[in-house]
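Fold and contact review
Each chain, written out:
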Amino acid sequence: MASSTVRPSTQGSSPEGDVARRLLDSAAVLAYDPATEVDWETPLDREYHGASPEWSTLYGTAYWQELTEEQRKELTRQEAASVASTGIWFEMILQQMVLRDVYAKDPTSTEVQWALTEIAEECRHSIMFARGAEKLGAPAYRPRRWATELGRVFKAVAFGEAAYAAILVAEEVLDVMQRDWMRDERVVPFVRTINNIHVVEESRHMKFARDQTRKQLAGAGRARREINALVIAIASYVIVTSMVNRKVYANAGLDEERALAEAKVNEHHKSMMRSSCSGLMEFLASCGLLTKPALVFYKRANLI
């Protein structure tokens, strides 16, 4: 009698199906339930940072040097909560784009089953980020109105490589900074756990996004590449510039206007962002998506 747990044969499956099968296998072996994996019960220990200090938008500025250690820790907690809130916003966009992409496809295919698995993971991540931000003592940071409305349009019209490459940008930028945070013993333990869960599971999502971007671009003409390269770059700019809400400074007890002014010209933070995106920029270049118009927006977002 055949076992009910034996997976269907992948003989003759497509290359993208092979990628999806490997991701499904990975998710079956290595997946987390944030509701039980994260320590939600222990009260917030304010002796810890919310993120690695070096990733703070003010690190390396004159203002940073004037802050007390308590103020620095509160600032990184507010910034971490803002990044988490932005993550929720974009994960909601991501889920809708992926679901729309597989809406009419064969649900028995491994590609569709992986897409549904990814959506399930993103739902858990959004709840995890929301609970994490709340535990950090932060308000519900939301993107600016114009960014919210652009996101509403983007999730409704983006398709193919524009959708998947934009997903990749958001995930790769978060991945690099969160790898630092999850290893940093200065960061509050529950945030380190959240980052570890996100890094492990998002590695699968990035693999799928890269695979889908290449697949969607197969045979694409120059005009299509030029248009979508610009769309992806604009989306990337909106995502990255929305990560840290301006209200984090006031909520950390700082002078908001001064903090904004110093953060805007902070060369250390710009360097950190550029280094986090080096691999991503190489991938986009290999796909022909680093056009001159697109580079304008990546440079404005300090991604290159």
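Note: the structure precedes this text.
Okay, so let's go over this structure. (Residues numbered from 1 in each chain as written. Predicted model: local features only at pLDDT ≥ 70, side-chain atom pairs only at ≥ 80, totals over all residues. Heavy atoms only, no water.)

**Examining the environment of A233**
We apply this condition: By the criteria applied, helices consist of DSSP H or I runs no shorter than four residues and strands consist of E runs no shorter than two, each listed in order from the N terminus. The criterion used for residue contact is that any of the two residues' heavy atoms lie within 4.5 Å.
Locating A233 in the fold gives a position in helix α9 (residues 222-241). Taking C-alpha positions, A233 is 5.8 Å from F297, a pair spaced 64 residues apart along the chain. A233 has contacts with A294, F297 and Y298, leaving out every residue within four places of it along the chain.

**Comments concerning the environment of R204**
Position of R204 among the secondary structure elements: in helix α8 (residues 189-217). Not counting the four nearest positions on each side in its chain, R204 is found in contact with L23, S26, A27, L30, A31, W114 and E121.

**Brief notes about the packing of helix α4 (residues 69-102) against helix α5 (residues 110-135)**
The line we're drawing: Axes here mean lines fitted to C-alpha atoms, for a helix over just the part in contact, with angles spanning 0 to 180 degrees between N-to-C directions. Here roughly perpendicular refers to angles of 65 to 115 degrees, roughly parallel to angles under 35, roughly antiparallel to angles over 145, and oblique to all remaining angles. Each crossing gets its handedness from the near helix: less than a right angle anticlockwise from the far helix is left-handed, clockwise is right-handed. Polarity classes work like this: nonpolar for Ala, Val, Leu, Ile, Met, Phe, Trp, Tyr, Cys and Pro, charged for Asp, Glu, Lys and Arg, and polar for all others, with Gly in that last group.
α5 packs onto α4 with a crossing angle of 160° between their chain directions and a minimal axis gap of 9 Å. Looking at the two axes, α4 sits roughly antiparallel to α5. The way α4 lies across α5 gives a crossing that is left-handed. Only V112, A115, L116, E118, I119, E122, C123, H125, S126, F129, A130 and A133 of α5 make contact with α4, whose side of the interface consists of A81, A84, S85, G87, I88, E91, L94, Q95, V98, L99 and V102. Classifying every residue of the contact of α4 with α5 by side-chain character gives 15 nonpolar, five polar and three charged.

**Details of the nonpolar core**
Our working rule: The term nonpolar core refers to a set of buried residues drawn from Ala, Val, Leu, Ile, Met, Phe, Trp, Tyr and Cys, joined through side-chain atoms within 4.5 Å. Each residue is placed in one exposure class: buried if its accessible area under a 1.4 Å probe, protein chains only, is under 20% of its type's maximum, exposed if it is over 50%, and partly exposed if it falls in between.
One finds L58, L75 and M177 to be the most contacted residues of the largest nonpolar core, which totals 93 residues. Leave out the neighbours within four places in its chain, and L58 touches Y63, W64, L75, E79, Y249, L254, A259, E262, A263 and N266.

**Looking at the state of the cysteines**
Put simply, the rule reads: Here, a disulfide means two cysteine sulfur atoms that sit within 2.5 Å of each other.
If you walk through the whole model with that rule in mind, you get zero disulfides. C287 takes part in no disulfide bond, and the closest cysteine sulfur, belonging to C277, lies 15 Å away.

**Considerations on the packing of aromatic side chains**
The line we're drawing: Only Phe, Tyr and Trp rings are paired, with Trp represented by its six-membered ring, and only when their centres lie within 6.5 Å; those with planes under 30 degrees apart are stacked, over 60 edge-to-face, the remainder tilted. In this scheme, the term charge over a ring applies when either NZ of a lysine or CZ of an arginine sits within 6 Å of the ring centre and within 35 degrees of the ring normal.
In the structure shown here, the tally under the stated rule is five aromatic pairs. The interplanar angle of 85° and the centroid separation of 5.9 Å between the aromatic rings of Y164 and F208 together place this pair among those described as edge-to-face. Placement of Y164 in helix α7 (residues 160-183) and of F208 in helix α8 is noted, with a sequence separation of 44 residues between them. Note on accessibility: Y164 and F208 belong to one class, buried. An aromatic cluster of at least three residues, connected via ring pairs, comprises W114, Y164 and F208. In this structure, R210 is placed above the aromatic ring of F283, and the distance from its NZ or CZ to the ring centre is 4.7 Å. The ring of Y63 carries R258 above its face, with NZ or CZ at 4.2 Å from the centroid.

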